[in-house]
Amino acid sequence: TQLLEQSPQFLSIQEGENLTVYCNSSSVFSSLQWYRQEPGEGPVLLVTVVTGGEVKKLKRLTFQFGDARKDSSLHITAAQPGDTGLYLCAGPWGGTSYGKLTFGQGTILTVHP
Amino acid sequence: DSGVTQTPKHLITATGQRVTLRCSPRSGDLSVYWYQQSLDQGLQFLIQYYNGEERAKGNILERFSAQQFPDLHSELNLSSLELGDSALYFCASSVAGTGGWNEQFFGPGTRLTVL
């Protein structure tokens, strides 16, 4: 059982389209992180959201943390082929006394030129 | 380049064998984390070391063990290997050992194939 459920699992879109990826949990998280992973590489941190209701923007990427701190979303505007990759949400697990993270199953995004 | 190095990049071995994966954290990072990534389980936390001491454990099998040495590099030992152990193994490092907002930097991974 995954603590963090991501949807959709796969997303295949054309360049220029918008998309949203969701990360949901029945548990409250003190923070949530979004990572992007490309084939043959490790995940790279995109953003950390800490406050309920927080919205963070990173160029064409907008991240939102739910008011109840149980969910988060990643919205990409005008997707480009370079956005292709595996997107993972992650949250601290077992309390903030530790650094261990639990990850969602991931969303595989393919942006076609 | 995250600054975390892992060796080897690929490893092919047979069932029942034992292998050692190596990780060098970023300069200055005291925490090392090991994760396993497979198609069916996704990315799963295995174990964390902080400044040489075990800090946290995840769903790590008893056949697996790890240690962090005085120079802060870490090794993950996998023994009595089974077909299901085939996966990508990532090492990550961070400055601190606590805090969910603590940024972890991931290495490029070791792809283990058990035949």
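Structure shown above.
Residues numbered from 1 in each chain as written. Chains lettered and ligands numbered in written order. Predicted model: local features only at pLDDT ≥ 70, side-chain atom pairs only at ≥ 80, totals over all residues. Heavy atoms only, no water.

With respect to the nonpolar core
For step 1, the next point in the chain: The biggest cluster of nonpolar side chains holds 21 residues, and the ones touching the most others in it are Ile13(A), Leu19(A), Trp34(A), Phe63(A), Leu74(A), Ile76(A) and Leu109(A).
For step 2, the next point in the chain: For this core, the secondary-structure elements that each account for two or more residues are strand E2 (10-14), strand E3 (19-24), strand E4 (32-37), strand E5 (44-49), strand E7 (61-65), strand E8 (71-76), strand E9 (85-92) and strand E11 (107-112) of chain A.
For step 3, the next point in the chain: Sequence-distant contacts of Ile76(A), defined by excluding residues within four places in its chain, comprise Glu17(A), Asn18(A), Leu19(A), Arg60(A), Leu61(A), Asp83(A), Tyr87(A) and Leu109(A).
For step 4, the next point in the chain: Listed in part, the 20 residues of the second largest apolar core include Val19(B), Trp34(B), Leu76(B) and Leu78(B). (Core = buried A, V, L, I, M, F, W, Y, C linked by side-chain atoms within 4.5 Å. Buried < 20%, exposed > 50% of the residue type's maximum accessible area, 1.4 Å probe, protein only. Helix = DSSP H or I, 4+ residues; strand = E, 2+ residues; numbered from the N terminus. Contact = heavy atoms within 4.5 Å.)

Some details on the interface of chain A and chain B
For step 1, the next point in the chain: Counting from both sides, the interface comprises 23 residues of chain A and, opposite them, 27 residues of chain B.
For step 2, the next point in the chain: A buried area of about 1800 Å², summed over both sides, lies between chain A and chain B, and 53% of it is on carbon and sulfur atoms.
For step 3, the next point in the chain: Counting every contact that joins chain A to chain B gives three residue pairs in polar contact (both at pLDDT 80 or more).
For step 4, the next point in the chain: Every element with two or more residues in the side of chain A that touches chain B is listed here: E4, E5, E9 and strand E10 (101-103) of chain A. (Buried area = accessible area lost by both parts, 1.4 Å probe. Polar contact = N/O pair within 3.5 Å; in protein donor to acceptor, adjacent residues only side chain to side chain.)

Observations concerning the environment of Phe103(A)
Residue and element names in this part refer to chain A.
For step 1, the next point in the chain: With respect to the helices and strands, the residue Phe103 is situated in strand E10.
For step 2, the next point in the chain: On the basis of relative accessible area, Phe103 is assigned to the buried category, the value being 2%.
For step 3, the next point in the chain: In sequence terms Phe103 and Glu5 are 98 residues apart; their C-alpha atoms lie 8.7 Å from each other.

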